[in-house]
Amino acid sequence: MAAQKDLYDAIVIGAGIQGCFTAYHLAKHRKRVILLEQFFLPHSRGSSHGQSRIIRRAYPEDFYTQMMDECYQIWAQLEHEAGTQLHRQTGLLLLGMKENSELKTIQATLSRQGVEHQCLSAEELKQRFPNVLLARGEVGVLDKSGGVLYADKALRALQDAIRHLGGLVCDGEKVMEIKPGFPVTVKSTAGSYQAKSLVITAGPWTNQLLRPLGIELPLQTLRINVCYWREKVPGSYGVSQAFPCFLGLGLSPAPHHIYGLPSGEYPGLMKVCYHHGNNVDPEERDCPEAFSDIQDVQILGRFVRDHLPDLEPTPALLEPCLYTNTPDEHFILDRHPKYDNVVIGAGFSGHGFKLSPVVGKILSTRYSTITE
C-alpha cells in the first residue's frame, strides 16, 4: 500500500492492458502515478489475461490502421526495454467470400495506407495452406505484418517498467469510493489516495465506478468462450509450419467474426474463437447460468469441421474472457463531462489489446492537458 499522505499526479484504476500502458506513459514522463487493481495480479477475471492476442494492421477504418503504425513501434520499444520477446510475426489471413464488403473495404484500406498485403485466390490458398478448406467463392487477403502478441508477458513487462520508473502498482485493492474535485480522492479497501487527476480503465466495472459520479456509458459486458481445439497431428497448425493467424469475415453460419492463432499456447492445441458472447454481470462470470448458452461453441464446431479438418471438431479446453462493448465497437476515450480531471477509457470491444500502446498514450495526454 502506498503512503496515504502523498499527492499523486495521477491515479489509474484498473491494471488491464489499457491501464498499464496509461500508467507506463505517465511514469515515462516522470509523473507520480499509482495504479490500483482490485484483484491480485496476475488474474483472469477481466479482458487482458491469457497468453496471446492477434496484432494486425488490417482494419476497415483508416484511423485504426494508422494508429497501428505507432503501436508497432511502442510494442518494439517495450520489448527492447524488457529484454523479452513480446511479439511474433506470423501474418494474418483474412478469409471471406469474394464479394464480402468488409473484406473489400479492408483490402482497400491496406492499399491506401501502403500496408504490404497479398490477395489470394482459392487455388493459391489451397497451395499455401493445404490444411484450410474453403467453401465455393471464398478467398483470402494476407496482412503480412500480422502476428501474435504474448499478452501475459506484455502485462508483466509493463508492470515491471512502471515500478522501475518510480510508479506504484497496488493490487488487491478494490476502489470503494471516488470523491471528485481537485484533488480527487480515491478510497480503496486498503487506504485513501489523492491525486491531481484520475484515469478510469476498469473494463466491465467502469459503470460501477461512474454511476456515483453521475454518468453511465452505453457498455455491454459479454462472456466470451475462448476455445482451444486439439490438432490431430500436433504442430500441423503451428508457427513451425508457417501457419498464420486468421480472421473469418461473414463466413456461414457465423454472423460475427471467427478468429484463430497458430498452435503453441498449449501444446497440440489451437485457439479458435467466436468474436461474440452472452451478456453477463462481471461479478457472476463463473456462475453456472453463464455457461448455459453454448451457441457460439456450436458455431465454432461447424466452422472447424468445415474449414480446419486437421482439428478435432470438439473443443478440448474452454476459458472465459470478458468483452466490454460499445454499440459501434469503437473506443470511448474522454473526460467526465462535469469533472475535467477524471479521464475515462472504456469499451474496447474485444479488439483493444493491440492498440493499447497508443490508447494509453492518448489517455495520459488527456491527463497532461488538464494538469499542465
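1. Overview of empty space enclosed by the protein
Phase 1 of the analysis: Using the criterion set out here, one finds one cavity of 30 Å³ or more in the structure.
Phase 2 of the analysis: Here the largest cavity defines a volume of roughly 40 Å³.
Phase 3 of the analysis: Every residue along the wall of the largest cavity is listed here: L93, L95, V132, F243, F246, F303, H307 and L308.
Phase 4 of the analysis: Every element with two or more residues in the lining of the largest cavity is listed here: strand 5 (92-97) and helix 7 (295-307).
Phase 5 of the analysis: Class assignment for the residues of the lining of the largest cavity results in seven nonpolar, one polar and no charged.

2. Here's the deal with the layout of surface pockets
Phase 1 of the analysis: Considering only enclosed or pocket space, the second largest pocket measures out at about 240 Å³ in volume.
Phase 2 of the analysis: As for the second largest pocket, its lining consists of 14 residues, of which S52, V148, Y150, G264 and E265 are closest to the centre.
Phase 3 of the analysis: Those elements that place two or more of their residues in the lining of the second largest pocket are strand 8 (147-150), helix 5 (151-164) and strand 15 (258-266).
Phase 4 of the analysis: Considering every element that reaches the lining of the second largest pocket, the biggest residue donor is strand 15, with five residues.
Phase 5 of the analysis: Here the lining of the second largest pocket is composed, by residue class, of five nonpolar, four polar and five charged.

3. Details of the packing of aromatic side chains
Here a ring pair, both rings aromatic, is described through the centre-centre distance and the interplanar angle of the planes.
Phase 1 of the analysis: According to the stated counting rule, one finds 12 aromatic pairs in the structure shown.
Phase 2 of the analysis: Note on F246 and F303: the rings are 5.8 Å apart at their centroids and 25° apart in plane angle, and the pair reads as stacked. In this pair, F246 sits in strand 14 (residues 245-248) while F303 sits in helix 7, placing the two residues 57 residues apart along the sequence.
Phase 3 of the analysis: Of the residues examined, F303 reaches a relative accessible area of 2% and is grouped as buried.
Phase 4 of the analysis: Among the aromatic residues, ring-to-ring pairing joins Y59, F63, Y64, F331 and F348 into one connected group.

4. Some details on unusual backbone geometry
Phase 1 of the analysis: Between L41 and P42 the backbone carries a cis peptide bond, its omega angle lying at -10°.
Phase 2 of the analysis: Between F182 and P183 the backbone carries a cis peptide bond, its omega angle lying at 0°.
Phase 3 of the analysis: Mapped onto the elements, P183 comes out in the loop between strand 10 (175-179) and strand 11 (184-188).
Phase 4 of the analysis: A positive phi is found at R30, a non-glycine position, where the angle reads about 65°.
Phase 5 of the analysis: Mapped onto the fold, R30 is located in the loop between helix 1 (17-28) and strand 2 (33-37).
Phase 6 of the analysis: Even without glycine at this site, S349 takes up a positive phi of about 55°.
Phase 7 of the analysis: With respect to the helices, strands and loops of the structure, S349 is situated in the loop between strand 20 (342-346) and helix 8 (356-371).
Phase 8 of the analysis: Overall, the relative accessible area of 1% leaves S349 in the buried class.

5. A word on the nonpolar core
It is characteristic of soluble globular proteins that their nonpolar side chains tend to be buried jointly.
Phase 1 of the analysis: In this structure, F21, L35, W75, L78 and L355 are the most contacted members of the largest nonpolar core, which totals 42 residues.
Phase 2 of the analysis: Looking at this core, the elements that each hand over two or more residues are strand 1 (7-13), helix 1, strand 2, helix 2 (62-82), helix 5 and helix 8.
Phase 3 of the analysis: With eight residues, helix 2 is the single largest residue contributor to this core.
Phase 4 of the analysis: Ignoring sequence-local partners within four residues, the contact set of L355 consists of Y59, Y64, M67, M68, C71 and F331.
Phase 5 of the analysis: Listed in part, the 30 residues of the second largest apolar core include L36, Y193, I215 and V342.

6. Focus on the environment of L209
Phase 1 of the analysis: If you trace the backbone, L209 turns up in helix 6 (residues 206-210).
Phase 2 of the analysis: Sequence separation of L209 and V175 is 34 residues, and the distance between their C-alpha atoms is 8.2 Å.
Phase 3 of the analysis: Residues in contact with L209, not counting those within four places in the same chain, are I13, V175, I178, I200 and A202.

7. With respect to the sheet that holds strand 4 (residues 87-89)
Phase 1 of the analysis: Strand order in the open sheet formed by three strands is 3-8-4, and the pairing between neighbours is antiparallel. Looking along the sheet, the strands with just one partner apiece sit at the ends: strand 3 (52-55) and strand 4. Averaged over all pairs of adjacent strands, the angle between their axes in this sheet comes to 25°, without regard to strand direction.
Phase 2 of the analysis: By the bridge criterion, three bridges tie strand 4 to strand 8 in an arrangement that is antiparallel. In the strand pairing of strand 8, H87 is matched with L149.
Phase 3 of the analysis: Sheet contacts for helix 2: strand 3, strand 4 and strand 8; angle to strand 3, the most-contacted strand, approximately 140°.
Phase 4 of the analysis: Here helix 5 sits on the sheet in contact with strand 3 and strand 8, set at roughly 45° to strand 8.

Each value, and the rule that gives it
- Residues numbered from 1 in each chain as written.
- Predicted model: local features only at pLDDT ≥ 70, side-chain atom pairs only at ≥ 80, totals over all residues.
- Heavy atoms only, no water.
- 1 Å grid on protein atoms, 1.4 Å probe; cavity = no way out; pocket = protein on both sides within 12 Å on 5 of 7 lines; lining within 4 Å.
- Points joined across faces, edges and corners; volume = space filled by probe spheres on them.
- Helix = DSSP H or I, 4+ residues; strand = E, 2+ residues; numbered from the N terminus.
- Nonpolar A, V, L, I, M, F, W, Y, C, P; charged D, E, K, R; others polar.
- Phe/Tyr/Trp six-rings, centres within 6.5 Å; stacked < 30°, edge-to-face > 60°.
- Buried < 20%, exposed > 50% of the residue type's maximum accessible area, 1.4 Å probe, protein only.
- Core = buried A, V, L, I, M, F, W, Y, C linked by side-chain atoms within 4.5 Å.
- Contact = heavy atoms within 4.5 Å.
- Pairing = 2+ DSSP bridges.
- Axes fitted to C-alpha atoms, helices over the stretch in contact; angles between N-to-C directions.

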